[in-house]
Amino acid sequence: MKKALIIGAGPAGLTAAYELLDKSSEYEVVVFEESDCFGGISRTVNHNGNRMDMGGHRFFTKVPEVNAWWEKVMPTQGVLPYDYAALNRMSATVDGGPDPKKTDRVMLRRNRLSRIYFNNKFFDYPISLKFETIKNMGFLTTFAVGMSYLKTVFHKREEKSLEDFYINRFGKKLYTMFFENYTENLWGRHPRDISPEWGAQRVKGLSIKAVLKDVFGKLFNKKNRKVETSLIEEFAYPKLGPGQLWEITAADFEKMGGTIIKNAKVVNVIKNGDNAVTGLVYEKDGERVTVEGDVIISSMPVKDLVTGMNDVPKQYYDIAAGLPYRDYMTVGVLVEKLKLKNETKIKTVGNIVPDNWVYVHDRNVNMGRFQIFNNWSPYMVKDLEHTVWIGLEYFCNEGDGMWSMTDDEFAHMAIKEMVTMGLVESADEALDYHVERVKKAYPAYFDTYEHMDELREYLNTIPNLYCVGRNGQHRYNNIDHSMCTSFEAVKNILSGETDKDNIWNVNTEKEYHEEK
């Protein structure tokens, strides 16, 4: 029997492991996970009965294969969850689907609301064209935004940077209000120093033109309306957070005969004289263990993969060594209530603001976003009726001043920013908090990234190595795209296909798999 070694138990690694074992009896499959939990950045942390999502993960895709996979692992609700039922709010249900009140293995359907918090006011994300937006901006600013956008319609900039990309789609005025500062906070670099490829991948077809098209589509052509990913209005979400899906997948994989070794940090991948991989070395409990294998599927950061591999030509080693990342810190804060008023028509338990997450554009704070876990799933919060469980999110670099803070120092800083932003009256309102750190959460598009194609070509010369997922390909993939890279890798392994372009091309074309 052949042996497949899979590095990482996040969405890409676990999808590959499950698929390979499910579709073939030829392979023994072993997964190596550096931490003691599953899901990578999509993990869910349980703190005193309150659950935290690392970054907010909506389950939405235009890929039928992914939807079918999710449905198999966690079937869609057949009955409304507790909060929607109590409030008479509607979301999709499936006949015969599980009841969230009776089982945990169920995928909820949730209404999406993300907004921008700017100048102590809420703005729709993406920016919408309605009276409230004009009122919050003021007539003169709205007029300036419109004139600025019209200028870009007739005078497009050459897209050499992310700044050019945003200005072409939103105009300079809107860019300076809602993109420039947030992007610099996210990446630690000004948008003029970042590749436009990040915008093309993350923002996709979103622009003022797309917003206008969506507005008129709602009015006149609902049936045939196409929706950009950033404009979706409903999404799926595991009852107990995204990590639950991967915990279930890991358990099912082990029941099928697969092996998962936790707290196993892969430090080396071994190549032979024919440039094929023959195994890996991992560290666990202070010891180094060598494991041989016929195939390696890697979702570990490509930087660490290549720099930990023997006999890599200096040209490619240097590209990998210079790939940049942005790290992530979050603190869950429990309060009795938020100072923010719910001025929408959306009903919520406790009448809190109904947002899933909010993008922070306040230049007086370091916070990048905040999540309200009550609104992701009522089952994420231990006492939904009397408390609000909020996640405050920050972008940083491993080892910098923020990263080096103690958990208490970081939490106190973040809670003070809640006061500055008007989320709460006083720092004393925090009943509980919990801090989490995520290394290499966001592969970045600057420094040696411009040579990523060269590195990819080199990796493709290693016949039995397959790079999948966000960090495995150094591409800011969503969950569905990470899973698709693993689907393609497994298809190649089982068919003997040696051309790996299909694996790398997932999520590089705007229309990739968007049509059923």
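The rules behind these values
Residues numbered from 1 in each chain as written. Predicted model: local features only at pLDDT ≥ 70, side-chain atom pairs only at ≥ 80, totals over all residues. Heavy atoms only, no water. Helix = DSSP H or I, 4+ residues; strand = E, 2+ residues; numbered from the N terminus. Rg over C-alpha atoms; globule rule 2.2 N^0.38 Å. Buried < 20%, exposed > 50% of the residue type's maximum accessible area, 1.4 Å probe, protein only. Pairing = 2+ DSSP bridges. Axes fitted to C-alpha atoms, helices over the stretch in contact; angles between N-to-C directions. pLDDT = per-residue confidence, 0-100. Contact = heavy atoms within 4.5 Å. Core = buried A, V, L, I, M, F, W, Y, C linked by side-chain atoms within 4.5 Å. Phe/Tyr/Trp six-rings, centres within 6.5 Å; stacked < 30°, edge-to-face > 60°. Patch = residues over 30% accessible without salt bridge, like charges linked within 9 Å, V, L, I, M, F, W, Y side chains within 5 Å. Areas by Shrake-Rupley, 256 points an atom, 1.4 Å probe, with all protein chains shown as cover. Salt bridge = Lys/Arg side-chain N within 4 Å of Asp/Glu carboxyl O. Parallel < 35°, antiparallel > 145°, perpendicular 65-115°, else oblique. Left-handed = near helix turned anticlockwise from the far one by under 90°. Nonpolar A, V, L, I, M, F, W, Y, C, P; charged D, E, K, R; others polar.

Draft legend 1. Here's a closer look at the overall build of the protein. Check the secondary structure of the protein and you find 19 helices and 19 strands. Against the compact-globule benchmark of 24 Å for 516 residues, the protein has a radius of gyration of 23 Å, which places it among compact chains. Once the C-alpha set of the protein is aligned to its principal axes, its extents read approximately 70 × 55 × 50 Å. Taking all 516 residues of the protein together, 58% fall into the buried category.

Draft legend 2. Examining the sheet that holds strand E19 (residues 465-467) more closely. Here 5 strands make up an open sheet; going across it, the order is E9-E2-E1-E13-E19 and the pairing parallel. Each having just a single partner strand, strand E9 (259-261) and E19 make up the two edges of the open sheet. Looking at each pair of strands side by side, their axes are set apart by 20° on average, direction ignored. Relative to E9, strand E2 (residues 27-32) runs parallel, the two being bridged by 3 bridges. Within E9, the position partnered with Val31 by the bridge is Ile260.

Draft legend 3. Representation of the sheet that holds strand E11 (residues 277-284) within the structure. Overall, antiparallel pairing links the 3 strands, which are arranged E10-E11-E12 in an open sheet. Unpaired on one side and paired on the other, strand E10 (265-271) and strand E12 (287-292) mark the two borders of the sheet. The average undirected angle you get between the axes of adjacent strands in this sheet is 25°. Relative to E11, E10 runs antiparallel, the two sharing 6 bridges. Bridge assignment links Lys265 to a residue of E11, and that residue is Glu283.

Draft legend 4. Here's a closer look at the pairing of strand E6 (residues 114-118). With respect to burial, E6 is a largely interior element, 5 of its 5 residues being buried. Side-chain alternation along E6 places Ser114, Ile116 and Phe118 on one buried face and Arg115 and Tyr117 on a second face that is also buried. As defined by bridge partners, E6 adjoins strand E15 (residues 357-360) across 4 bridges and the pair is classed as parallel. Across the sheet, residue Tyr117 finds its bridge partner in E15, namely Val360. Bridge count between E6 and strand E7 (residues 121-124): 4 bridges; the pairing is antiparallel. Within E7, the residue paired with Phe118 across the bridge is Lys121. Connecting E6 to the next strand, E7, in antiparallel fashion are 2 residues, including Asn119 with a positive phi near 55°.

Draft legend 5. Molecular detail of the confidence of the model for the protein. Confidence in the prediction of the protein, expressed as mean pLDDT, is 91, and 91% of residues score 70 or more. Note on residues 510-516: pLDDT is under 50 here. Beyond four places in sequence and across chains, it has 12 contacts.

Draft legend 6. Quick peek at the nonpolar core. Counting residues in hydrophobic clusters, the biggest one holds 121 residues, and the most contacted among them are Phe32, Leu455 and Leu459. Other than its neighbours up to four places away in sequence, Leu455 contacts Val302, Val306, Tyr316, Ile319, Ala320 and Leu323. Formed by 33 residues, the second largest nonpolar core is a distinct cluster that contains Phe122, Val331, Ile390 and Ala414.

Draft legend 7. Looking closely at the packing of aromatic side chains. Scanning the model with the defined rule gives 28 aromatic pairs in all. Aromatic side chains Tyr117 and Phe122 sit 5.1 Å apart centroid to centroid with 55° between the ring planes, which places their arrangement in the tilted category. The class for Phe122 is buried, based on a relative accessible area of 13%. Here the aromatic rings of Trp357 and Tyr359 are separated by 5.9 Å at their centres, their planes lie at 80°, and the arrangement is edge-to-face. Tyr359 shares its class with Trp357; the two are buried.

Draft legend 8. View of a nonpolar patch on the surface. A cluster of nonpolar side chains, namely Phe139, Leu140, Phe143, Met147, Leu150, Val153 and Phe154, defines an oily patch on the protein surface of about 810 Å² accessible area. If you trace the backbone, Phe139 turns up in helix H5 (residues 139-154). You can call Phe139 exposed: its relative accessible area is 61%.

Draft legend 9. Representation of the packing of helix H13 (residues 314-321) against helix H16 (residues 452-459). Packing of H13 against H16 leaves a shortest axis separation of 10 Å and a crossing angle of 125°. Here H13 lies oblique to H16, going by the angle between them. Crossing of H13 over H16 shows left-handed handedness. Of the residues in H16, those touching H13 at Gln315, Tyr316, Ile319 and Ala320 are Glu454, Leu455 and Tyr458. The residue inventory of the contact of H13 with H16, partitioned by class, reads 5 nonpolar, 1 polar and 1 charged.

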